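Observations on the three-dimensional arrangement
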Amino acid sequence: MKPCAFIGQSLTDHLEGCFKVVDTFFEKNPTYANVVARRLRTASGGQINLNEDRIKTIIKLAVLFHDVGKAYGYFQRNFDERCQCKREIGFQHHEILSAVACYKYGRYNGNSLSNEEKLLLTLSVLNHHHAFKDAISKIVTSIPIIGTLLDDLAKIAESQIYENENLKSILKKYNIPVESVKISRQDINNFQNWLSDYIKRISVNQYQWPKLYVLIMNPLLIADNIDASSKREKLQISKSRKLFLEEIREMIK
């Protein structure tokens, strides 16, 4: 069953569940990808010209990568093979590790992603636990991967990913090399430098399109929350969260 996404749920089960929700989302909202493509094209002054299928590909990559940071031994050591855990669990910083994995995949796999696609993908994964941040500059300054945080991330990465057939099978299903999700301290540094430099260059040109990463993140948020709430028995849900879940379920009815 391991690696685990939460108590009683494997990472593979969570990702497969998220993909089912996203597929339903596209069925119920058939114009969504087209609208995203059009808004990106307009906001970038025609610089970004992605078609509907490409938008769907980026969204599905976000779904696939969003929790791979949880697969590291640092987190998985808290679970038994059935994903049971007697202690309080947490996956602090897993979204940063997941975003670094997105970056590494986009950088080293045959130029499979343009810089624009890579930015939309990494920002959506990086922020899927932080809702909608109000300024692109704050996204960078809010995650200075230096000092103690860099050491913490490197420590997690050095614990090595919990690599077994369960993880390999779902990565292989979507043609993702397992090496893409194995990150190092240098990968973390490379990601931080690339993200900071690239956003600065965009800012100089006064483009606003990076803020539209939220349109890539939106289906991910819906899928992540719906699958988690339906399959994790020990997940405590507040009244406000219940209202939120009711609202997003309307998107796939």
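Below is a short write-up of the structure.

**Details of helix H3 (residues 52–65)**
Along its 14 residues, H3 runs 20 Å from first to last C-alpha, staying within 8% of the 20 Å computed at 1.5 Å per residue. If you check which residues of H3 are buried, you get Ile55, Ile58, Ile59, Leu61, Ala62, Val63, Leu64 and Phe65. Where H3 is buried, its residues touch helix H1 (11–28), helix H2 (32–43), helix H5 (94–108), helix H6 (115–126), helix H9 (165–173) and helix H11 (213–231). The distance from a side-chain oxygen at the start of H3 to the backbone nitrogen of aspartate 53 is 3.2 Å, and the residue carrying that oxygen is asparagine 51.

**Some remarks on H9**
For H9, the complete set of buried residues consists of Leu167, Ile170 and Leu171. All buried residues of H9 lie within an arc of 100° about the axis, which places them on one face of the element. For H9, the exposed residues set more than 90 degrees away from the buried face come down to Glu165, Lys172 and Lys173. On its buried face, H9 sits against H1 and H3. If you check the start of H9, you find a side-chain oxygen 3.1 Å away from the backbone N of asparagine 166, and it comes from asparagine 164. Residue asparagine 175 follows H9 closely and has a positive phi angle near 60°.

**Overview of the packing of aromatic side chains**
Scanning the entire structure with this criterion turns up ten aromatic pairs. With 5.3 Å between their ring centres and 85° between their planes, tyrosine 74 and phenylalanine 75 make a pair best called edge-to-face. You can call tyrosine 74 partly exposed: its relative accessible area is 27%. On the basis of relative accessibility, which here comes to 3%, the residue phenylalanine 75 falls in the buried class. Look at phenylalanine 75 and phenylalanine 91: their rings are 5.4 Å apart centre to centre, the planes differ by 55°, and that puts the pair in the tilted class. On the criterion of sequence distance, the pair formed by phenylalanine 75 in helix H4 (residues 73–76) and phenylalanine 91 in the loop between H4 and H5 is long-range, its members being 16 residues apart. Just as phenylalanine 75 is buried, phenylalanine 91 falls in that class too. Three or more aromatic residues joined by ring pairs form one cluster here, namely Tyr74, Phe75, Phe79 and Phe91. A cation over an aromatic ring shows up here: lysine 118 above the ring of tryptophan 194, its NZ or CZ 5.1 Å from the ring centre.

**Concerning the packing of H6 against helix H10 (residues 185–204)**
At a minimum axis distance of 11 Å, the contact between H6 and H10 shows a crossing angle of 115°. Judged by the twist between their axes, the crossing of H6 over H10 is left-handed. Listed contacts from H10 to Asn115, Glu116, Lys118, Leu119, Thr122, Leu123 and Leu126 of H6 are Phe191, Trp194, Leu195, Tyr198, Ile199 and Ile202. Considering only residue class, the contact of H6 with H10 consists of nine nonpolar, two polar and two charged.

**Quick notes on the packing of H6 against H11**
Interhelical geometry of H6 versus H11 gives an angle of 50° and a closest axis separation of 8 Å. In terms of orientation, H6 and H11 fall into the oblique class. Note on packing geometry: the crossing formed by H6 with H11 is right-handed. From H6, Leu120, Leu123 and Ser124 reach across to H11, where they touch Tyr213, Ile216, Met217 and Leu220. Taken together, the residues of the contact of H6 with H11 sort by class into six nonpolar, one polar and no charged.

**Considering the side chain of serine 10**
Along the chain, the position of serine 10 falls in strand E2 (residues 9–10). A polar side-chain atom of serine 10 sits 3.0 Å from the main-chain amide nitrogen of aspartate 13. Setting aside its immediate chain neighbours within four residues, serine 10 contacts Met1, Pro3, Cys4, Ala5 and Cys83.

**A word on the pattern of salt bridges**
Within this structure, the stated rule accounts for eleven salt bridges. We note a salt bridge from glutamate 52 to lysine 56, for which the minimum N-O separation is 3.8 Å. Remark: lysine 56 and glutamate 52 occur in helix H3; sequence separation between them is four residues, near one turn of the helix. Given the relative accessible area of 28%, glutamate 52 is considered partly exposed. We classify lysine 56 as partly exposed; its relative accessible area is 25%. Here lysine 168 and glutamate 163 are joined by a salt bridge, their closest N and O atoms 3.5 Å apart. Each of the salt bridges in this network shares a partner with another, and the network as a whole consists of Glu163, Lys168, Glu179 and Lys182.

Cut-offs applied
- Residues numbered from 1 in each chain as written.
- Predicted model: local features only at pLDDT ≥ 70, side-chain atom pairs only at ≥ 80, totals over all residues.
- Heavy atoms only, no water.
- Helix = DSSP H or I, 4+ residues; strand = E, 2+ residues; numbered from the N terminus.
- Expected span 1.5 Å × (residues − 1).
- Buried < 20%, exposed > 50% of the residue type's maximum accessible area, 1.4 Å probe, protein only.
- Contact = heavy atoms within 4.5 Å.
- Polar contact = N/O pair within 3.5 Å; in protein donor to acceptor, adjacent residues only side chain to side chain.
- Arc of directions from axis to C-beta.
- Phe/Tyr/Trp six-rings, centres within 6.5 Å; stacked < 30°, edge-to-face > 60°.
- Lys NZ or Arg CZ within 6 Å of the ring centre and 35° of its normal.
- Axes fitted to C-alpha atoms, helices over the stretch in contact; angles between N-to-C directions.
- Left-handed = near helix turned anticlockwise from the far one by under 90°.
- Nonpolar A, V, L, I, M, F, W, Y, C, P; charged D, E, K, R; others polar.
- Parallel < 35°, antiparallel > 145°, perpendicular 65-115°, else oblique.
- Salt bridge = Lys/Arg side-chain N within 4 Å of Asp/Glu carboxyl O.

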